[in-house]
Amino acid sequence: MPVSLIHPGRQTGASAPRIVRRTTRSCAVCGKTRCQDKNTCRAAFGTTEWLECPACAGSGYDTTGFQLYCPDCGGAKVLEVEIVDAPGVVE
């Protein structure tokens, strides 16, 4: 059982899960909090199609309350669009 919500200091059998919080936003291109080559990431961002992150609705913040920034986009607010051709579709 988790830590008691009524008595915060009292253990009820099992320890509470460890929560890891992201404190800095990630780059949308490389996924790192500090880009190694910012110019390359800027150029790639301008030539790639992006979609508003569906998990945070483009806010960049975690909507579950466990982390500061969205776990899907890392706070970047967008995700790269991956275009997949559907089988049998003729353009």
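What you are looking at is a predicted structure, and each value in this text was computed from that prediction instead of being measured.

### Overview of the overall build of the chain
Scanning the chain from terminus to terminus reveals one helix and two strands. Going residue by residue from the N terminus, the α and β elements of the chain occur as α-β-β. By the burial criterion, 16% of the 91 residues in the chain qualify as buried. Long-range contacts, defined here as pairs at least 24 residues apart, represent 47% of the contacts in the chain between residues at least 6 apart. Entry remark: accessible area of the chain is about 7,200 Å², with carbon and sulfur atoms responsible for 55%.

### Description of the packing of aromatic side chains
Taken as a whole and judged by the stated rule, the model has two aromatic pairs. Each ring, one from Phe45 and one from Trp50, has its centre 4.9 Å from the other, and the planes form 25 degrees; the classification is stacked. Where Tyr61 meets Tyr69, the ring centres are 5.5 Å apart and the plane angle is 20 degrees; that geometry is what we call stacked. The class of Tyr61 is partly exposed, set by a relative accessible area of 38%. Take Tyr69: its relative accessible area is 11%, and that puts it in the buried class. Geometry around Tyr61 places Arg25 over its ring, the cationic atom sitting 5.0 Å from the centre.

### Description of the state of the cysteines
Applying the stated criterion across every chain, the model contains zero disulfides. The thiol of Cys35 is not disulfide-bonded; the next cysteine sulfur, from Cys27, is found 3.4 Å away. On the basis of relative accessible area, Cys35 is assigned to the partly exposed category, the value being 21%.

### Description of the confidence of the model for the chain
Interpretation of this model should avoid reading the predicted coordinates in detail wherever pLDDT is low. Taken as a whole, the chain shows an average pLDDT of 75; of its residues, 65% reach a score of 70 or greater. Within the chain, strand β2 (residues 78-80) has the poorest average pLDDT of any element, 87, and strand β1 (residues 50-52) the best, 89.

### Section: the environment of Cys56
Looking at where Cys56 falls in the secondary structure, it is placed in the loop between β1 and β2. For Cys56, the residues in contact, after removing those within four places along its chain, are Tyr61, Thr63, Cys70 and Cys73.

### Things to note about the side chain of Ser26
Positionally, Ser26 belongs in the segment before α1 (38-47). A relative accessible area of 9% means that Ser26 is categorised as buried. If sequence neighbours within four positions are ignored, Ser26 has contacts with Gly31, Lys32, Thr33, Cys73, Gly74 and Ala76.

Criteria and thresholds
- Residues numbered from 1 in each chain as written.
- Predicted model: local features only at pLDDT ≥ 70, side-chain atom pairs only at ≥ 80, totals over all residues.
- Heavy atoms only, no water.
- Helix = DSSP H or I, 4+ residues; strand = E, 2+ residues; numbered from the N terminus.
- Buried < 20%, exposed > 50% of the residue type's maximum accessible area, 1.4 Å probe, protein only.
- Contact = heavy atoms within 4.5 Å.
- Areas by Shrake-Rupley, 256 points an atom, 1.4 Å probe, with all protein chains shown as cover.
- Phe/Tyr/Trp six-rings, centres within 6.5 Å; stacked < 30°, edge-to-face > 60°.
- Lys NZ or Arg CZ within 6 Å of the ring centre and 35° of its normal.
- Disulfide = S-S within 2.5 Å.
- pLDDT = per-residue confidence, 0-100.

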